[in-house]
Amino acid sequence: MGSAIHAAGLDVGYPGPHHPTTVLSGLDLDVEAGTFLSILGPSGCGKSTLLRVVADLIEPLAGEIRVLGETPRSVRSRRDVGFVFQDSTLLPWRTVRDNVRLPLHIGRGSLTRPIEDKTEELLALMSLSALADRFPHQLSGGQRQRAAIARALLGEPRLLLMDEPFGALDEITRDRLNDELLNLWRRTQTTILFVTHSIAEAVYLGERVIVLAANPGRVVADRDLKTVKLPGNRCSREDPAIVATMAGMRAALEAAS
Ligand SMILES: Nc1ncnc2c1ncn2[C@@H]1O[C@H](COP(=O)(O)OP(=O)(O)OP(=O)(O)O)[C@@H](O)[C@H]1O
Ligand SMILES: [Mg+2]
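- As annotated in an unreviewed UniProt entry, the protein is ABC transporter, ATP-binding protein from Mesorhizobium alhagi CCNWXJ12-2.
- According to UniProt, the comment filed for the protein under the heading Sequence similarities (unreviewed entry) is "Belongs to the ABC transporter superfamily."

Here it is, written out as structure tokens:
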């Protein structure tokens, strides 16, 4: 399948008044292409930072990072990465439809691969067709998040980075969107890095779950769930093996906190 992420000895930090503060230190991570990877970890441990370095929004201080076999910079320039941020970042002055099709309008000249206009298809997929002419402030939080996901999917990215995309939703909506996301992933074989604070969500969605710890940020637990799930990464939340896996992940998260 090839490699989606290869990180070795990765140090990532932010500029400080005197010297940079290191958030991730010596992080090693390999993710096979096509994987649905869930990422858990205490608040502030560096989950969003990890996604930012993969997306080329920040540069590492040291170490190696390859995304889809290339530098984050070249992957970003080809628009092979879609990012759904922790708080949805829709432009308030554009309608839902125009937010979804935003990638068609920005950075046109730098595109090496033309993006097909699949706006209407994605609006329908996310159940937003009837709301397409509204502005973000006229939507609920979940509807805004769905619009952000549609926008991230527009370029058919080979890698989808999702940072707590469903954190603000009620459980029923969240469960439904989890299933929609899984269906989409099964159809497209996109690699997904999915950050969440919900152990249940991490286990339900992920073929593999990692736990990051803080100070320094690094991978402290790594669990392959293929053996506890049915083919196609399917499972029932009530399955005893899944419940036991959730308990195991909780223990790992407690140890990391
Ligand atoms: N732009 C920035 N400048 C300086 N420090 C930052 C910056 N962004 C994040 N940090 C710090 O880096 C650390 C990791 O932040 P990050 O956002 O990656 O955590 P997280 O694991 O995503 O947390 P949460 O679960 O709360 O979203 C935190 O201590 C945070 O304060
Ligand atoms: Mg975060």
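The discussion continues.
1. Considering the domain arrangement of the protein
Where the parts come together, the accessible area they lose is often given as the size of the interface.
Inference 1: Taken domain by domain, the protein consists of domain 1 (3-80 + 157-256) and domain 2 (90-156).
Inference 2: One C-alpha centre belongs to domain 1, the other to domain 2, and the line joining them spans 24 Å.
Inference 3: Facing 17 residues of domain 1, the contacting portion of domain 2 comprises 19 residues.
Inference 4: Taken over both partners, the interface formed by domain 1 and domain 2 buries close to 1300 Å², and the fraction arising from carbon and sulfur atoms is 59%.
Inference 5: Across the domain 1-domain 2 interface, the total number found is zero salt bridges.
Inference 6: Connecting domain 1 to domain 2 are two residue pairs in polar contact (both at pLDDT 80 or more).

2. Description of the sheet that holds strand 4 (residues 62-67)
Strands pair in a sheet through their backbones, by hydrogen bonds, and they do so in one of two ways: parallel or antiparallel.
Inference 1: Here three strands make up an open sheet; going across it, the order is 2-1-4 and the pairing antiparallel. Every interior strand has two partners, whereas the edge strands, strand 2 (21-32) and strand 4, have only one. Direction aside, the axes of adjacent strands within the sheet are offset by 20° on average.
Inference 2: Against the sheet, helix 1 (residues 47-54) makes contact with strand 1 (3-14), strand 2 and strand 4, and its axis sits at roughly 115° relative to strand 1, the strand it touches most.

What counts, and at which threshold
Residues numbered from 1 in each chain as written. Chains lettered and ligands numbered in written order. Predicted model: local features only at pLDDT ≥ 70, side-chain atom pairs only at ≥ 80, totals over all residues. Heavy atoms only, no water. UniProt positions renumbered as here; feature names shortened; annotations may be inferred. Domains from an automatic or database assignment. Contact = heavy atoms within 4.5 Å. Buried area = accessible area lost by both parts, 1.4 Å probe. Salt bridge = Lys/Arg side-chain N within 4 Å of Asp/Glu carboxyl O. Polar contact = N/O pair within 3.5 Å; in protein donor to acceptor, adjacent residues only side chain to side chain. Pairing = 2+ DSSP bridges. Helix = DSSP H or I, 4+ residues; strand = E, 2+ residues; numbered from the N terminus. Axes fitted to C-alpha atoms, helices over the stretch in contact; angles between N-to-C directions.

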